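What follows is the residue order along each chain.
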Number of protein chains: 2
Amino acid sequence: MTVTIYDVAKEAKVSMATVSRVLNGNPNVKPETRKRVQEVIDRLNYRPNAVARGLASKRTTTVGVIIPDISSLYYSALVRGLDDVAEMYQYQTIITNTDFNPEAERDALFNFMSKQVDGIIYLGGILNEDTLKDIENTSIPVVLCGTSEHDDKFASVNIDVEAAMDTVIQDFIDKGHKKCAFVKGYYSEQLMYHFERGIRRSFERNNLEFKDEWVIDGFSKYDEAPEIYKILKEKDLDIVISMNDAIAIGIIHAAQEDGKNVPEDMEVLSCANTRLVHMSRPTLSSVRTPLYDIGAVGMRLLTKYMKGEAVSHPDVILPHYIDYRGSTKK
Amino acid sequence: MTVTIYDVAKEAKVSMATVSRVLNGNPNVKPETRKRVQEVIDRLNYRPNAVARGLASKRTTTVGVIIPDISSLYYSALVRGLDDVAEMYQYQTIITNTDFNPEAERDALFNFMSKQVDGIIYLGGILNEDTLKDIENTSIPVVLCGTSEHDDKFASVNIDVEAAMDTVIQDFIDKGHKKCAFVKGYYSEQLMYHFERGIRRSFERNNLEFKDEWVIDGFSKYDEAPEIYKILKEKDLDIVISMNDAIAIGIIHAAQEDGKNVPEDMEVLSCANTRLVHMSRPTLSSVRTPLYDIGAVGMRLLTKYMKGEAVSHPDVILPHYIDYRGSTKK
DNA sequence: ATTCTCAATGAAATCCTTTTCATTACTAAT
DNA sequence: ATTAGTAATGAAAAGGATTTCATTGAGAAT
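Each value, and the rule that gives it
- Residues numbered from 1 in each chain as written.
- Chains lettered and ligands numbered in written order.
- Predicted model: local features only at pLDDT ≥ 70, side-chain atom pairs only at ≥ 80, totals over all residues.
- Heavy atoms only, no water.
- Contact = heavy atoms within 4.5 Å.
- Salt bridge = Lys/Arg side-chain N within 4 Å of Asp/Glu carboxyl O.
- Helix = DSSP H or I, 4+ residues; strand = E, 2+ residues; numbered from the N terminus.
- Nonpolar A, V, L, I, M, F, W, Y, C, P; charged D, E, K, R; others polar.
- Near = heavy atom within 4 Å.
- Polar contact = N/O pair within 3.5 Å; in protein donor to acceptor, adjacent residues only side chain to side chain.
- Pairing = 2+ DSSP bridges.
- Axes fitted to C-alpha atoms, helices over the stretch in contact; angles between N-to-C directions.
- Core = buried A, V, L, I, M, F, W, Y, C linked by side-chain atoms within 4.5 Å.
- Buried < 20%, exposed > 50% of the residue type's maximum accessible area, 1.4 Å probe, protein only.
- Phe/Tyr/Trp six-rings, centres within 6.5 Å; stacked < 30°, edge-to-face > 60°.
- Domains from an automatic or database assignment.
- Buried area = accessible area lost by both parts, 1.4 Å probe.

J.: For this particular structure, what's the right way to read the interface of chain A and chain B?
T.: When the parts of a complex come together, some accessible area is lost, and that lost area is often taken as the interface size. Contacts between the two partners involve 49 residues from chain A, matched on the other side by 49 residues from chain B. Taken together, the connections running from chain A to chain B amount to six salt bridges. Between aspartate 69 of chain A and arginine 80 of chain B there is a salt bridge; the shortest N-O distance is 2.8 Å. Mapped onto the side of chain A that touches chain B, the elements with two or more residues apiece are α4 (50-57), α5 (73-88), β2 (92-97), α6 (102-114) and α11 (245-257) of chain A. Considering each element in turn, the side of chain A that touches chain B owes the most residues, seven residues, to α5 of chain A. Looking at side-chain class alone, the side of chain A that touches chain B contains 19 nonpolar, 19 polar and eleven charged residues.

J.: I would appreciate a short explanation of the protein's contact with DNA strand D in the present structure.
T.: Around DNA strand D lies a shell of 32 residues, among which Ile5, Ser20 and Tyr46 of chain A together with Arg21 and Thr33 of chain B are the nearest. The protein-proximal atoms of DNA strand D, defined as those within 4 Å of the protein, are 64% sugar or phosphate. Taking arginine 59 of chain A, its side chain carries an N or O atom lying 3.1 Å from a phosphate oxygen of DNA strand D. Those elements giving two or more residues to the surface near DNA strand D turn out to be α2 (16-23) and α4 of chain A together with α2 (16-23) and α4 (50-57) of chain B. Here the residues of the surface near DNA strand D are counted per class, giving 15 nonpolar, ten polar and seven charged.

J.: What is the right way to look at the sheet that holds strand β9 (residues 267-270) of chain A in this model?
T.: Residue and element names in this part refer to chain A. Taken together, six strands build an open sheet; the order of strands is β7-β6-β8-β9-β10-β12 and the sheet is mixed. With one partner strand each, in any of the chains shown, β7 (215-216) and β12 (321-323) form the two edges of the open sheet. Both strand β8 (residues 239-242) and β9 contribute to a ladder of four bridges, which runs parallel. Considered in β9, the bridge of isoleucine 241 is made with leucine 269. Packed on one face of the sheet, helix α9 (residues 189-205) meets β6 (181-183), β7 and β8 and runs near 170 degrees to β6.

J.: I'm lost on the protein's contact with DNA strand C in this one. Help?
T.: Of all residues adjacent to DNA strand C, which total 31 residues, the nearest are Arg21 and Thr33 of chain A together with Ile5, Met16 and Ser20 of chain B. Measuring from a phosphate oxygen of DNA strand C, one finds a backbone N or O atom of serine 15 of chain A at 2.7 Å. At 3.3 Å from a sugar or linking oxygen of DNA strand C is found a side-chain nitrogen or oxygen belonging to lysine 58 of chain A. Broken down by class, the residue content of the surface near DNA strand C amounts to 13 nonpolar, ten polar and eight charged.

J.: So what exactly am I meant to see when it comes to the sheet that holds strand β7 (residues 215-216) of chain B here?
T.: Strand pairing in a sheet is mediated by backbone hydrogen bonds. Such pairs are either parallel or antiparallel. Residues and elements named next belong to chain B. Pairing is mixed in the open sheet, where six strands are placed in the order β7-β6-β8-β9-β10-β12. This sheet does not close on itself; its edge strands, each paired only once, are β7 and β12 (321-323). Docked against the sheet, helix α8 (residues 161-174) engages β8 (239-242), β9 (267-270), β10 (285-288) and β12, running at close to 170 degrees with respect to β8. The strands touched by helix α9 (residues 189-205) are β6 (181-183), β7 and β8; relative to β6, the strand with the most contacts, the crossing angle is about 170 degrees.

J.: Would you take a moment to explain the nonpolar core for this structure?
T.: A general feature of soluble globular proteins is that nonpolar side chains tend to end up buried together. By size, the foremost hydrophobic cluster in this structure holds 168 residues, and its most contacted members are Leu123, Ile241 and Ile251 of chain A together with Leu123, Ile241 and Ile251 of chain B. Membership of the second largest hydrophobic core comes to 33 residues, among which are Met113 of chain A together with Phe112, Leu127 and Val142 of chain B.

J.: Is there a simple way to explain the packing of aromatic side chains in this structure?
T.: Two measures describe an aromatic ring pair: the distance that separates the ring centres and the angle between the ring planes. Inspection of every chain in the model, using the stated rule, returns 14 aromatic pairs over all chains. Ring geometry for tyrosine 75 of chain A against tyrosine 187 of chain A: centres 6.2 Å apart, planes inclined by 45 degrees, an arrangement best described as tilted. Of the two residues, tyrosine 75 of chain A is situated in helix α5 and tyrosine 187 of chain A in the loop between β6 and α9; the sequence distance between them amounts to 112 residues. Of the residues examined, tyrosine 75 of chain A reaches a relative accessible area of 5% and is grouped as buried. Judged by centre distance (6.0 Å) and plane angle (55 degrees), the rings of phenylalanine 203 of chain B and tryptophan 214 of chain B are tilted.

J.: Which parts of the structure should I look at to understand the domain arrangement of chain A?
T.: Residues and elements named next belong to chain A. Each assigned domain of chain A is listed with its residue range as follows: domain 1 (5-48), domain 2 (61-159 + 291-321) and domain 3 (161-288). The centre of domain 2, based on its C-alpha atoms, is set 28 Å off from the matching centre of domain 3. At the interface, 17 residues of domain 2 touch 18 residues of domain 3. Between domain 2 and domain 3, roughly 1,600 Å² of surface is buried when both sides are summed, and carbon and sulfur atoms account for 63% of that area. Among the residues domain 2 hides against domain 3, the three largest losses belong to Leu73, Tyr74 and Tyr321. Together they make up 32% of the total. Where domain 2 touches domain 3, the interface holds zero salt bridges.

J.: Can you help me understand the pattern of salt bridges in this one?
T.: When their charged atoms lie close together, side chains carrying opposite charge are able to pair. All names here are of chain A. Applying the stated criterion across every chain, the model contains 36 salt bridges over all chains. Notably, a salt bridge pairs aspartate 166 with arginine 205, separated by 3.0 Å at the nearest N-O pair. Pair noted here: aspartate 166 is in helix α8 (residues 161-174) and arginine 205 is in helix α9, with a separation of 39 residues, a long-range link. Given the relative accessible area of 13%, aspartate 166 is considered buried. With a closest N to O distance of 2.8 Å, aspartate 212 and arginine 200 form a salt bridge. Of this pair, aspartate 212 sits in the loop between α9 and β7 while arginine 200 sits in helix α9, and the two are twelve residues apart along the sequence. Residue class for aspartate 212 comes out exposed when judged on its relative accessible area of 57%. Where salt bridges share partners, they join Glu162, Asp166, Arg197, Arg201 and Arg205 into one cluster.

Given below as structure tokens:
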């Protein structure tokens, strides 16, 4: 039925070992032998069984990716970056959606181990201690992308979100503002924590108070924005930093429906940087996080680990920019 | 180092076969033996090697997914549907982005075969004849999702796009319109073809001509919308059916910037149905394609094939609706 | 001519399961 | 008491590659 390496060996009158050598580009094969074997491979249309190969070599050319939700523009942009680089290096990815559920993350991890992935990219939420230990034991390389976990244990790729927030807040304060809302989103706790810390730090440095009640949490979708707007209005907050850009757009729309103008009556800035920022009116000011690049660099890093290469800088910080567009005042 | 089935067998004083039976829920194990083995499994923290298992059983619990671009809202919604059902049935997915490149699709397919996937979900563009034949030879089950390929060879899940377009056009004609633009997007040729055919059919039935020049092709991104708008204006087309909703929104914005009002001066309807439709002002009228469900049903179908179950209706047509929102007149 | 290297190749072990087939130990039936 | 039938188990093969180690042969060095 299916052609195996044995069939090729027999047909080419060599041993399986030699066929294997040809397959893997091992130089210890006489050119004419190589040619003969290659001809048989082509003629028989032989394609190696990656599963058998994986069992024998202990390498599967597969990496596991843990992600909250692939249908989010934010995460799918990261994944596209990952995938393109993975493709370049001949790896395939297995993606598992976890919706920030720690149990789902744990299951995913165990699945990856069972499937003998060569590496893991983690874009997720919180790894609990047990799971963490399990991973370390396997010695499967792990790279964290955009979760802002400054952890010694794993390599990571991020932007400096605290610095970004610092800049943003300083700009607002310089324009004379003394308060702002911070609307969290559907991201990892750590990431949200770091954003908030950047904001607080900036307020502190300016000897201004950042009130806990300015943090608005528990919303994840565009549809919920009117509720958020209501809260903002109650608290008389007219500077809004939203982690999620769909929600930011929703807030703008809610304000507009309430007869307000953005940015004149309310300024909105998003921390995500998906394609949506261009698609609202006014266009959405935002922190330009290079999502695709974070994914790409993360996977590149992982390939190095998987090949056993030395990595000089395991914690990569990519540059970020603040793009002031229509939803903030000059 | 790593615990194998052999270690468990030795420790539990049974043969590997019995451990395997316990692992796979085979009923031919005495309850007390099962318990003893299970205890050892837990104690040793044994987790089966899926690669070895795959080699021995010829089943990998992995399905390959071919997709143009995971970072598209349209396709990632489909994939989320797929993934959730796959998860339910204990399958993992390997996703490959192809950007509609036939060669990339072919490579992906060969990769899947090599990795011995149990099934394939195809959301892609055009399978050329050779590749098609290769797939058939492997007897790997394939399900087509949302590509609108009414092909006897493979199972498929779709909406009836021609009927959808027919309804839409009929509505426009009933409102007194005699022409409309059809803006293609970044989708498969077949899908676009079926949409166009639905439009043409409707025009014909009303004894109206649909001109070739009303078909606008070659654009894929929001940013390109101003160009499209220019063309629309030249051709004096004020009814626009766009396959892509980001582009539809772009056209609306371009019109607004040109001092026009939507829907008063120009009506726009999108055929995709991503979350974006709610996020524009005016909100975007669209064909409500149940993307998530198409993916989910497709994967469900595939699980049946993979388990060798009979499938009574291999070509599923899911219901669709036309959602008239703010971008079209009542 | 003999020894030494090194390139080229093959035999066989190995990777870790599942699965088939044979065997043993019981229980029920006659 | 004997046989038949069945439940429970084990031994060993199979799955398709890689990899280690041994071997062969040819050319270089002595």
